[in-house]
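Each chain, written out:
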Amino acid sequence: KIETVRYARENKIPFLGICLGMQVAVIEYARHVACLEGANSTEFDRQAAHPVVGLITEWIDADGLVEKRDEASDLGGTMRLGAQNCNLITGTHSREAYGQDVITERHRHRYEVNNHYVETLEDAGLKIAGRSEDNSLVEIVEVPDHPWFVACQFHPEFTSTPRDGHGLFSAFINAA
Ligand SMILES: NC(=O)CC[C@H](N)C(=O)O
């Protein structure tokens, strides 16, 4: 999966990553652009040298973010589920595809981009195109200097229908 993302990124092939697709895109960018050797999600390597994606409970303590989920509880404890608002950043492909600043999208995942690495990733050029309502969590990333590379933590396919196709899918197909 990482090599697939790398191929699309380096060869400027339109890419839309969803959920794990976003997490893998972040790992790929961390490894090959931000030069964070050994970057991984703790889902795949709990001892990762650079845990750029992890359970929020694994990195929440250091900066005391408000969202609290307990890893010791059942999966629901760390699962982010259901419709949540996301703030889009002006000038991004995502903002253009949606045509509005705040969107509501459905989630179903446990792992999050580790905020401790966001600055490093941004310094390496990764664009954070969307954040959760309180701006605490990364929801969408984009790769600049690329025709169309968008990856989101939420699931646009949950609200897309044959008659009313989701804007992200339309924009992706148009770019392709
Ligand atoms: N639906 C998904 O792709 C979610 C998987 C993902 N690794 C998680 O955060 O749980």
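Details of the structure are given in the entry above.
What comes next is a walk through the structure. Note that the structure is predicted; figures quoted are calculated from it, not measured.

**Concerning the overall build of the chain**
Phase 1 of the analysis: From N to C terminus, the chain includes six helices and nine strands.
Phase 2 of the analysis: In the chain, which comprises 176 residues, the share counted as buried stands at 47%.
Phase 3 of the analysis: Expressed as a percentage of contacts within the chain between residues at least 6 apart in sequence, the contacts between residues at least 24 apart total 58%.
Phase 4 of the analysis: Carbon and sulfur atoms form 48% of the exposed surface of the chain, whose accessible area is close to 8,600 Å².

**Regarding the pattern of salt bridges**
Phase 1 of the analysis: Tallied over the entire structure, the rule returns six salt bridges.
Phase 2 of the analysis: Ionic pairing is found between Glu-10 and Arg-6, a salt bridge with its closest N-O pair at 3.0 Å. Separated by four residues within a single helix, Glu-10 and Arg-6 lie in helix α1 (residues 2–10), roughly one turn from each other.
Phase 3 of the analysis: Classification of Glu-10 as partly exposed rests on a relative accessible area of 44%.
Phase 4 of the analysis: A relative accessible area of 26% places Arg-6 in the partly exposed class.
Phase 5 of the analysis: A salt bridge links Arg-9 to Glu-28, with the shortest nitrogen-to-oxygen separation between them at 2.7 Å. In this pair, Arg-9 is assigned in helix α1 and Glu-28 in helix α2 (residues 20–32), connecting sequence segments 19 residues apart. Residues Arg-9 and Glu-28 agree in their burial class; the two are buried.
Phase 6 of the analysis: Here the salt bridges share partners, and the residues they tie into one network are Arg-6, Arg-9, Glu-10 and Glu-28.

**Regarding the site of the ligand**
Phase 1 of the analysis: Surveying the vicinity of the ligand reveals the residues Cys-19, Leu-20, Gln-23, Glu-43, Arg-108, His-109, Arg-110, Tyr-111 and His-155.
Phase 2 of the analysis: Backbone polar atom of Leu-20 to an oxygen atom of the ligand: 3.1 Å apart, as the coordinates give it.
Phase 3 of the analysis: Counting only elements with at least two residues in the shell around the ligand, the list comes to α2 and β5 (102–109).
Phase 4 of the analysis: Taken together, the residues that form the shell around the ligand break down as three nonpolar, three polar and three charged.

**Observations regarding α1**
Phase 1 of the analysis: By the burial criterion, the buried members of α1 are Ile-2, Val-5, Ala-8 and Arg-9. Each buried residue of α1 lies within a common arc of 130° when the element is viewed along its axis, so the set occupies one face. Along α1, the residues that are exposed and aim more than 90 degrees away from the buried face are Glu-3, Thr-4 and Tyr-7.
Phase 2 of the analysis: In this structure, the buried residues of α1 make contact with β1 (15–18), α2 and β9 (149–152).
Phase 3 of the analysis: Phi turns positive one or two residues past the end of α1, at Lys-12, with a value near 55°.

**Quick word on the pairing of β5**
Phase 1 of the analysis: Here β5 shows one buried face, formed by Ile-103, Glu-105, His-107 and His-109, and one open face, formed by Val-102, Thr-104, Arg-106 and Arg-108.
Phase 2 of the analysis: Pairing of strand β4 (residues 80–88) with β5 involves eight bridges; the strand directions are antiparallel. Its bridge partner lying in β5, Asn-85 is registered against Thr-104.

**Brief notes about unusual backbone geometry**
Phase 1 of the analysis: Even without being glycine, Lys-12 reaches a positive phi, approximately 55°.
Phase 2 of the analysis: Counting through the fold element by element, Lys-12 comes out in the loop between α1 and β1.
Phase 3 of the analysis: Even without being a glycine, Cys-35 presents a positive backbone phi close to 60°.
Phase 4 of the analysis: Within the secondary structure, Cys-35 is located in the loop between α2 and β2 (39–41).

The rules behind each value
Residues numbered from 1 in each chain as written. Predicted model: local features only at pLDDT ≥ 70, side-chain atom pairs only at ≥ 80, totals over all residues. Heavy atoms only, no water. Helix = DSSP H or I, 4+ residues; strand = E, 2+ residues; numbered from the N terminus. Buried < 20%, exposed > 50% of the residue type's maximum accessible area, 1.4 Å probe, protein only. Contact = heavy atoms within 4.5 Å. Areas by Shrake-Rupley, 256 points an atom, 1.4 Å probe, with all protein chains shown as cover. Salt bridge = Lys/Arg side-chain N within 4 Å of Asp/Glu carboxyl O. Near = heavy atom within 4 Å. Polar contact = N/O pair within 3.5 Å; in protein donor to acceptor, adjacent residues only side chain to side chain. Nonpolar A, V, L, I, M, F, W, Y, C, P; charged D, E, K, R; others polar. Arc of directions from axis to C-beta. Pairing = 2+ DSSP bridges.

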